[in-house]
Amino acid sequence: MSAAPSPRLRTAPAAPPGPRLLHSFDVFDTLITRCLWRPEDLFLLLGHRLGRAGLLRGTPEEFARLRRQAEARLRREPGTEEVQLAAIHAALAAPCGWTREDARRAAALELATEQAAIRPVAANAARLARLRDDGAEVALVSDTYLDRASLLRLLEGAGIGVPPPLVFASAAHGVTKRTGRLFGVVAAAACLAPERILHRGDHPDADVAVPRLMGIRAEHCAAAAPTRHEATLHAAAAAHPPLLRSLLAGGARAARLSADPPDSHRRVLWEVGTGVAGPLLTGFVLWILHQARRAGVARLYFVARDGQILLRIAEILLARLGWPIECRYLMGSRQAWHLPALAEIDAAALSWLVANAEADPLGGVLARAELEPGRIAAALARHGLGRLDRPAPAAQLRALLLDAEVAPLIHARAALRRESALGYLRQERLLDGGAATIIDLGWHGRLQHSLQKLVDLGAGEAGATQVTGLYFALRSRPDGIPAARMQTYLDAPQAVRRLNPVLLEMFCAADHGTVRRYRQAPDGGYEAELATPLDRAVVDWGLDALQGGILAFAREGAAAIELGGEAGAGTEAWIGLLRDGGMAAYQGFRCEPDVAEAEAFGTFPHADGQAHLTTADCAPRVGALMRLRLGLGLGARDYGGHWPEASLRRGGGRVGDALFALKRLRRRIG
């Protein structure tokens, strides 16, 4: 895997004018890559496959070491510039106890393993395709122990088709790029002088420095170099089996390289999707499916809006796992369930009616109970409440809601909403009795509490449905629900305290507005009434890029689980791996976003309050005094955002960088 490019390699000199120009491309980590952290990690997977084929004496790790040593010995032989795969496996025959036929079978198995691990590098593959469509002359040049036919099969498997004469493999010619002699072969075959060749590749020496010394224009393609989040995934998985660790980090890299976003903003969203949100949420969903299968649950309800992306991940995983679990998208929200579940204005009802009252404007609090300010003007005046655009004291709000004039209006509105809510839940088979399992990010469990009250109110002859919730994490739990019916993916108290719920909600953003209530549909059934069918602000922000990156990782994760299964790794091993790696990548993103991440995700239009009436930047730009307070950790009650670390990064310049570094130091010391 190549190192990051040095500044001197980033800009190539312009090609001289002339009638003919050959565009040459390196192959590995330029046009195609492997879904593994390092190229040699392929030998671990090969070792497991050899064991299943009866061709392995020791462990896969021992075979991987023998495979590397055999290739290195052949390369050290005098007069050898390149080696071939068949020769490597012939050299392995003695230490592995193989016959000549065994060695042939092992070499074929290595090629098949390569094909299973190969993925396209979308940006460069598209660039090659455009050049060919435009009629440009192209060539593919690779230092590899594979012959031309094998290299062509790998390219074709990645969707890159080129005629055989355009492919130059060092194993076929006995010379390499790193000595420059393979470039001489290419120039001679094309009947071109070196200055008429433009080469692109990932290796700073073999693909850039060497061809430039020969007069070839060279461009460094460093996209395949790992990002910091991918490196974090690999480092955090150190306690897990080496093959699984490699598949996790390599899968994230392959997912990132599988698309070429159209601009820098969407590229950041895509890359955080593949390297942070994807591993984090895929681990959560895999745990959900594992829990459901173990408990014999045949149907899962993914609650809107967090459930939209979680459901799509589940569908990807189930397509590979083959487990018979039905997944449904359940339209629900605090507003859609809390109010119709209200049978009396007790402590539980007041807890959600006045939740965050110190931050939400009075108008938003009244909207939770669908109270019209004009209709309760006298009651508002009696309790000293007037400004709808400002927060109201919680004590005065409680008094208002219990007022003899106001309470009956709340009860009437709750009863009205209850009828259609129960109609929708009955339609979705949540009133059939037995058990039902819902999926949500979590935090306080109030949503499940209200849903249980609703299904209790609508229970028929089959009896009340017992609702179980599977959550990412819970910071508190409502009274009256057993712990077994509220299970969490993340249990460690310290990890739960460090979560920033808004960032998790951003990762699980949906493309539609919140569910306000339910209504009768034209076909006689029931449907959700949304605040807006399309959340234009979130869609315009770039939701498709974030979700695309998450799902790209989910696909790679599903493939990795299948490959890991060849090594005997079950879903529990993958859940632990994804939890450790995903949380480490998430904490790195949360605590130390780079400037591009702070700008891209800091502008996410977060909707505050239960009614979702207003939106604002998740991490707004702040003034110098606020930046100082955030950096020094002095507290900032009037900070209007949800991600101080990103606000420090946005537009802070050198002062912001210094304060960010100070905040990092304080966190690491404390």
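Whatever comes next refers back to the structure up there.
A brief report on the enclosed structure follows. (Residues numbered from 1 in each chain as written. Predicted model: local features only at pLDDT ≥ 70, side-chain atom pairs only at ≥ 80, totals over all residues. Heavy atoms only, no water.)

**So, the overall build of the chain**
- From N to C terminus, the chain includes 29 helices and 16 strands.
- Its C-alpha atoms put the chain at 100 × 55 × 55 Å along the principal axes.
- Burial status across the chain gives 55% buried among its 670 residues.
- Considering only intrachain contacts with a sequence separation of at least 6, the fraction spanning at least 24 residues in the chain is 73%.
- Of the roughly 27,500 Å² of accessible surface on the chain, a fraction of 53% belongs to carbon and sulfur atoms.
- Here the chain carries 81 positive and 71 negative side-chain charges, and the mean point of each set is 4 Å from the other. (Helix = DSSP H or I, 4+ residues; strand = E, 2+ residues; numbered from the N terminus. Buried < 20%, exposed > 50% of the residue type's maximum accessible area, 1.4 Å probe, protein only. Contact = heavy atoms within 4.5 Å. Areas by Shrake-Rupley, 256 points an atom, 1.4 Å probe, with all protein chains shown as cover. Lys, Arg positive; Asp, Glu negative; His and termini not counted. Charge placed at Lys NZ, Arg CZ, Asp CG, Glu CD.)

**Notes on the pattern of salt bridges**
- Summed over the entire model, instances satisfying the criterion amount to 46 salt bridges.
- Between E219 and R127 there is a salt bridge, and its shortest N-O distance comes to 2.7 Å. Note that E219 is positioned in strand 7 (residues 217–220) and R127 in helix 5 (residues 122–133), a separation of 92 residues in sequence.
- Under the relative-accessibility criterion, R127 is labelled partly exposed at 25%.
- When the shortest N-O distance is used, the salt bridge between E428 and R328 registers 3.6 Å. Of this pair, E428 sits in the loop between helix 19 (407–427) and strand 10 (435–443) while R328 sits in strand 9 (residues 326–330), and the two are 100 residues apart along the sequence. For the pair formed by E428 and R328, the shared burial category is buried.
- Shared partners join several salt bridges into a network, and the residues in it are E370, R413, R417, R517, R519, E527 and E529. (Salt bridge = Lys/Arg side-chain N within 4 Å of Asp/Glu carboxyl O.)

**Some thoughts on the pairing of strand 10**
- The buried fraction of strand 10 amounts to eight of the nine residues, a majority that puts the element mostly inside the structure.
- One ladder, built from eight bridges, connects strand 10 with strand 11 (residues 466–474); its direction is parallel. Looking across to strand 11, one finds that A436 is bridged to V467.
- With respect to chirality, the unit in which strand 10 leads through helix 20 (residues 446–457) into the neighbouring parallel strand 11 is right-handed. (Pairing = 2+ DSSP bridges. Right-handed = clockwise from strand over helix to strand, strands pointing away.)

**As for unusual backbone geometry**
- The peptide bond linking A304 to R305 adopts the cis configuration, its omega dihedral lying at -5 degrees.
- Position of R305 among the secondary structure elements: in the loop between strand 8 (299–303) and helix 13 (307–321).
- Unusually for a residue other than glycine, E370 sits at a positive phi of about 55 degrees.
- Structurally, E370 can be placed in the loop between helix 16 (362–368) and helix 17 (377–382).
- Here the phi dihedral of R429 falls at roughly 70 degrees; this positive angle occurs in a residue that is not glycine.
- Within the element layout of this structure, R429 appears in the loop between helix 19 and strand 10.

**Overview of the sheet that holds strand 11**
- Spatially, the five strands line up as an open sheet ordered 9-8-10-11-12, and their pairing is parallel. Two strands close off the open sheet at either side, each with one partner strand: strand 9 and strand 12 (486–488). Neighbour-to-neighbour, the strand axes of the sheet open up by a mean angle of 30 degrees, direction not taken into account.
- Sheet strands in contact with helix 12 (residues 264–295) are strand 8, strand 10, strand 11 and strand 12, and its direction is about 150 degrees off that of strand 11.
- Strand contacts of helix 13: strand 8, strand 9 and strand 10, with the helix running at about 170 degrees to strand 9, the strand carrying the most contacts. (Axes fitted to C-alpha atoms, helices over the stretch in contact; angles between N-to-C directions.)

Distances and angles like these do not, on their own, reveal function.
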